[in-house]
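Secondary and tertiary structure notes
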Amino acid sequence: MSQSKSVSSLQSTQWRDYLELCKPRVVAVMLLTAIVGMFLARTELPPWHLVLWATVGIGLASGGAAAVNHVLDNKIDEKMYRTRRRPLPQGRLSQRQALMFACVISVIGLAILAILVNPLTAVLTLLALLGYAVVYTVYLKRATPQNIVIGGIAGAAPPMLGWVAITGSIEANSLLLVLIIFAWTPPHFWSLCLARKADYQNAGIPMLPVTHGETYTKIQILLYSLLMVATTALPYLTGMSGLIYLLGISILNIRFLHWGWKVFKDVPGSQMAMFRYSIYYIMWLFVVLLIDHYSMGLVFGL
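Analysis parameters
Residues numbered from 1 in each chain as written. Predicted model: local features only at pLDDT ≥ 70, side-chain atom pairs only at ≥ 80, totals over all residues. Heavy atoms only, no water. Helix = DSSP H or I, 4+ residues; strand = E, 2+ residues; numbered from the N terminus. Buried < 20%, exposed > 50% of the residue type's maximum accessible area, 1.4 Å probe, protein only. Contact = heavy atoms within 4.5 Å. Expected span 1.5 Å × (residues − 1). Phe/Tyr/Trp six-rings, centres within 6.5 Å; stacked < 30°, edge-to-face > 60°. Axes fitted to C-alpha atoms, helices over the stretch in contact; angles between N-to-C directions. Parallel < 35°, antiparallel > 145°, perpendicular 65-115°, else oblique. Left-handed = near helix turned anticlockwise from the far one by under 90°.

**Remarks on the environment of W259**
Looking at the element boundaries, W259 is found in helix α13 (residues 243-264). Exposure remark for W259: the relative accessible area of 14% places this residue in the buried category. Along the chain, W259 and L222 lie 37 residues apart, while their C-alpha atoms are 9.6 Å from each other. Aside from chain neighbours lying at most four places away, what touches W259 is S270, A273, M274 and Y277.

This is the structure:
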């Protein structure tokens with residue numbers, strides 16, 4: 001009986017480890033933006049089968065890219081306090097197990113997209129996967145303090161992927177959604193880098209606070225925050241959204257800039273607080289976009 005319980009406990013632990021490889025919290029935020037992109041792509045409700053299969057396919061491919069990131073960053077993760085308890089540094093999974101898992105779920109995800117959604121979504125998802133798991137993780141992360149800026153395009157792709165899953169084409173408004181996440185990524189991630197500067201320094205990763213100092217990074221956070229605010233105005237200015245979105249994003253932006261200013265003034269605890277708020281910020285931005293989208297539909301429908 002005790003041996004049976006031990007085997008069951010080991011299997012349960014391994015499944016949790018495999019799930020952790022997928023970075024479920026990060027993927028959940030990505031999927032939210034992708035799903036909203038699906039619903040923004042047309043005025044009427046999108047076909048539910050496309051929403052379902054696109055969500056599953058993008059989710060599996062994103063989880064696969066995250067697992068590849070775990071494998072490639074294993075040595076770095078061992079040196080960082082924030083990541084040293086991950087499955088690979090702790091030896092709960094081997095690199096071979098993690099890589100096989102990443103390949104299987106990525107292939108399944110891309111096959112679902114190619115067969116049950118449309119080929120363009122599969123191709124774009126593959127490019128985003130390669131951009132994050134290979135270009136960013138293997139080269140940019142280790143080569144330049146602008147890694148987050150240059151590599152951010154891969155992480156900004158999900159709303160466009162969702163849009164293309166429904167329409168089968170890349171359209172201007174889908175690229176606008178990409179632009180918003182692209183501008184949001186640097187202040188979001190650099191606030192974490194400030195809080196974990198010693199980690200990145202110890203691991204030899206050239207993040208901006210390590211290479212250019214904290215003051216320079218704080219200035220960049222403020223500048224990119226202002227750029228982000230400008231990009232978030234575009235959906236209203238282009239007619240993609242209405243007053244509900246404008247009101248909602250104005251409130252969210254004021255709070256974002258408030259945290260950016262606190263980070264600049266070196267208020268204790270502000271760096272991690274800004275990082276956490278930025279996650280809620282991008283989630284609420286897309287929720288407000290969705291609410292506004294269907295509110296506009298109701299108004300014009302009347």
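**Focus: helix α5 (residues 95-117)**
Helix length check: α5 (23 residues) gives 32 Å between terminal C-alpha atoms against 33 Å at 1.5 Å per residue, within 8%. When we look at burial in α5, the residues that qualify are A98, F101, A102, I105, S106, G109, L110, I112, L113 and V117.

**A word on the packing of aromatic side chains**
With the rule as written, the count across this model stands at 10 aromatic pairs. When the centroid spacing of 5.7 Å and the interplanar angle of 65 degrees are considered together, the rings of F39 and W48 count as edge-to-face. Judged by its relative accessible area of 56%, W48 falls in the exposed class. Through pairs of rings, three or more aromatic residues link up here, namely W15, Y18 and F101.

**So, the packing of helix α7 (residues 147-155) against helix α9 (residues 172-195)**
Taken N-terminus to C-terminus, the directions of α7 and α9 make an angle of 130 degrees; their axes are 9 Å apart at the nearest point. Comparing their axes, α9 and α7 come out oblique. Helix-helix and strand crossings are classified by hand; for α7 and α9 the assignment is right-handed. Between α7 and α9, the contacting residues are I148, V149, G152, I153 and G155 on the first element and V178, I181, F182, T185, P186, F189 and W190 on the second.

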